[in-house]
Amino acid sequence: MYVAVKGGEAAIANAHSLLADRRRGDRSVPALRLDQIVEQLALGVDRVMSEGSLYDRELAALAIVQARGDMIEAIFLVRAYRTTLPRFGYSKAIDTANMLVERRVSATYKDLPGGQLLGPTFDYTHRLLDPELAAGGDVAEPLQRETEAQAMPRVSAILAREGLIEPDGDMPQDHVPGDITREPLEFPMARDIRLQALSRGDEGFLLALGYSTQRGYARNHPFVGEIRIGEVELELDVPELPFAVPLGTVRVTECQMVNQFKGSAKAPPQFTRGYGLVFGQSERKAMAMALCDRALRATELGEDVVAAAQDEEFVISHSDNVQATGFVEHLKLPHYVDFQAELDLVRRMRAEYDARENPKVEEKREAAE
Amino acid sequence: MRGQEARDQAERKAAMATLAQSSGDDIVRLWNEAGLPSDAELLRGPETGLVTLRGRIGGGGAPFNVGEATVTRATVRLPSGQVGHCYALGRDKQKARLAAIADALWQDPARRNEVETNLIAPLRSALTTAHERRRAETAATKVDFFTMVRGED
């Protein structure tokens, strides 16, 4: 017999209004405005944009408020919103060499054209909580230094002159960049598709995998060739105009990881590379992405696949936190019927087990009945 | 003639870039100050959609898709017949409509100068100032390495 069970509508509606109340919190505390979040929680906004895979600061800020600061919930909201919009097209590839640089450091070259620009970094801070910030004091304007605008070539271009580093990753002439928002994942996948998945992947997951490669699981001797953060111009080819239409600028973080490589049957000894490119100021994520990108090139470079970070299907299938949270969190939704069936099954197995292992107890029980 | 055409296209593109990078508030303020006409027939939009942002592997290699960005576009026709377009990051529909009208006015030889002088030039100057300030603030964080001289001579 099949019995449909309904119920919970009122409970659900009331739970949602309770959520709205708790989200707002104490009414005597002023409500957050989106511009406050965009300006003052900017790196949280950047994370939601990067993993939500949607560059729009105000929407990311709205998602953060709506999700009560739960980042993965906010990312989920942004992903859901994306699906409601039509697609105008694919931009022309951005040129990171032509960036309005806000930070640029290299761990491999001290004196490189354009120099080491620390920018707004947490590096070299003492990680001491600042009580003055809690008191809400005024903050001084940053210092300025007059300089000539200087070209800032990517470090990879400098290393390339010696021929000891592999070139930027190429694809066959007629290769059309894959798009995981259009086609289902298929393994093995080309590097361009992997990079798309990594760029929207969960920061914590990629960080842990990147860390594992440094600790010896798929060791590949990385150096940060360069990290650069700044704004690049975006352009789109459209049929109604004879030139690519300029869309404005976006802030991205790029990481060029350079890895010592002793050579294999497939490639000579040289420096190999991992690449990270992420929306916003997201340095840790870009570095983790570059470490994972390099580890996932094991097969291409003729290395043995021995660690989790090198296993493409494992990494890419589990890097999306919206999918991950969907599957994990669905476990808390009603499974009453499934569980009843399992309960019945376990009871029968247990009875058989008891009868086999403990025949006397079983006989007594039967006698008592 | 072809040279002139190419120059016109480059200037038009530069004007569109300035409009796309400027805030809707700034465009509205200058528009009103300049008394530019805002009557135009909307042929498309303003509508918001997605553009997939592409990067290159290693910075200069094969292209790959990074993620989407919101973009709002509009197409308008002036009473005098010029058709103007706008595509700009974000979801500001008012900005897209005005920028499309500005693009249409720009194509009218009788209005181009007015648009360039009263709208594009001040927007461009504000953007340049902001860029220069950002560059100078970043430059102040440049590391100047120096060598420690140790021991006695």
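This structure is a prediction, so every number in the text was calculated from the model and none was measured.

### Section: unusual backbone geometry
Residue and element names in this part refer to chain A.
So, step 1. Of note, the amide linkage connecting F187 to P188 takes the cis form, showing an omega dihedral of -5°.
So, step 2. Topologically, P188 is positioned in the loop between α7 (155-160) and α8 (191-199).
So, step 3. Phi at S53 is positive, roughly 60°, even though this residue is not glycine.
So, step 4. Within the secondary structure layout, S53 lies in the loop between α3 (42-52) and β1 (54-55).
So, step 5. Relative accessible area serves as the criterion here: at 2%, S53 is assigned to the buried category.

### Comments concerning the interface of chain A and chain B
So, step 1. The interface is formed by 78 residues belonging to chain A together with 53 residues belonging to chain B.
So, step 2. At the surface where chain A touches chain B, the tally comes to eight salt bridges.
So, step 3. Across the salt bridge formed by E68 of chain B and R82 of chain A, the nearest N and O atoms sit 2.3 Å from each other.
So, step 4. Broken down by element, the residue count for the side of chain A that touches chain B peaks at nine residues, all from strand β5 (residues 245-261) of chain A.
So, step 5. Of the residues in the side of chain A that touches chain B, the class split is 34 nonpolar, 20 polar and 24 charged.
So, step 6. As defined by bridge partners, strand β2 (residues 87-93) of chain A adjoins strand β1 (residues 41-56) of chain B across four bridges and the pair is classed as parallel. Within β1 of chain B, the position partnered with R87 of chain A by the bridge is L50 of chain B.

### Description of the pattern of salt bridges
So, step 1. Across all of its chains, the model carries 43 salt bridges over all chains by this definition.
So, step 2. When the shortest N-O distance is used, the salt bridge between R297 of chain A and E300 of chain A registers 2.8 Å.
So, step 3. Two residues, R111 of chain B and E114 of chain B, come together in a salt bridge whose shortest N-O distance is 3.0 Å.
So, step 4. Shared partners join several salt bridges into a network, and the residues in it are R82, R87 and D179 of chain A together with E68 of chain B.

### Quick look at helix α1 (residues 9-24) of chain A
So, step 1. Compared with the 22 Å implied by 1.5 Å per residue over 16 residues, the 23 Å span of α1 of chain A between its first and last C-alpha is a close match.
So, step 2. At the exit of α1 of chain A stands G25 of chain A, carrying a positive phi of roughly 70°.

### Regarding the packing of helix α3 (residues 93-107) of chain B against helix α4 (residues 112-139) of chain B
All names here are of chain B.
So, step 1. Viewed as axis vectors pointing N to C, α3 and α4 meet at an angle of 135°, and their least axial separation amounts to 6 Å. Taken as axis vectors, α3 and α4 run oblique relative to one another. Across the interface between the two elements, A102, L105, W106 and Q107 from α3 touch R112, V115, E116 and L119 from α4.
So, step 2. A per-class count over the contact of α3 with α4 returns five nonpolar, one polar and two charged.

### Observations regarding the domain arrangement of chain A
All names here are of chain A.
So, step 1. As far as domains go, chain A holds domain 1 (12-82) and domain 2 (96-121 + 149-169 + 178-325).
So, step 2. One C-alpha centre belongs to domain 1, the other to domain 2, and the line joining them spans 28 Å.
So, step 3. Contact residues are listed per partner, giving 15 residues for domain 1 and 19 residues for domain 2.
So, step 4. Per-residue buried area on domain 1 facing domain 2 is highest for S50, Y55 and R79; these three make up 37% of the total on that side.
So, step 5. Our count for the contact surface shared by domain 1 and domain 2 stands at two salt bridges.
So, step 6. Summed over the shared surface of domain 1 and domain 2, the number is seven residue pairs in polar contact (both at pLDDT 80 or more).
So, step 7. Contributions of two or more residues to the side of domain 1 that touches domain 2 are made by α3, β1 and α5 (71-82).
So, step 8. Looking at which element gives the most residues to the side of domain 1 that touches domain 2, the answer is α3, with six residues.

Basis of the calculations
Residues numbered from 1 in each chain as written. Chains lettered and ligands numbered in written order. Predicted model: local features only at pLDDT ≥ 70, side-chain atom pairs only at ≥ 80, totals over all residues. Heavy atoms only, no water. Helix = DSSP H or I, 4+ residues; strand = E, 2+ residues; numbered from the N terminus. Buried < 20%, exposed > 50% of the residue type's maximum accessible area, 1.4 Å probe, protein only. Contact = heavy atoms within 4.5 Å. Salt bridge = Lys/Arg side-chain N within 4 Å of Asp/Glu carboxyl O. Nonpolar A, V, L, I, M, F, W, Y, C, P; charged D, E, K, R; others polar. Pairing = 2+ DSSP bridges. Expected span 1.5 Å × (residues − 1). Axes fitted to C-alpha atoms, helices over the stretch in contact; angles between N-to-C directions. Parallel < 35°, antiparallel > 145°, perpendicular 65-115°, else oblique. Domains from an automatic or database assignment. Buried area = accessible area lost by both parts, 1.4 Å probe. Polar contact = N/O pair within 3.5 Å; in protein donor to acceptor, adjacent residues only side chain to side chain.

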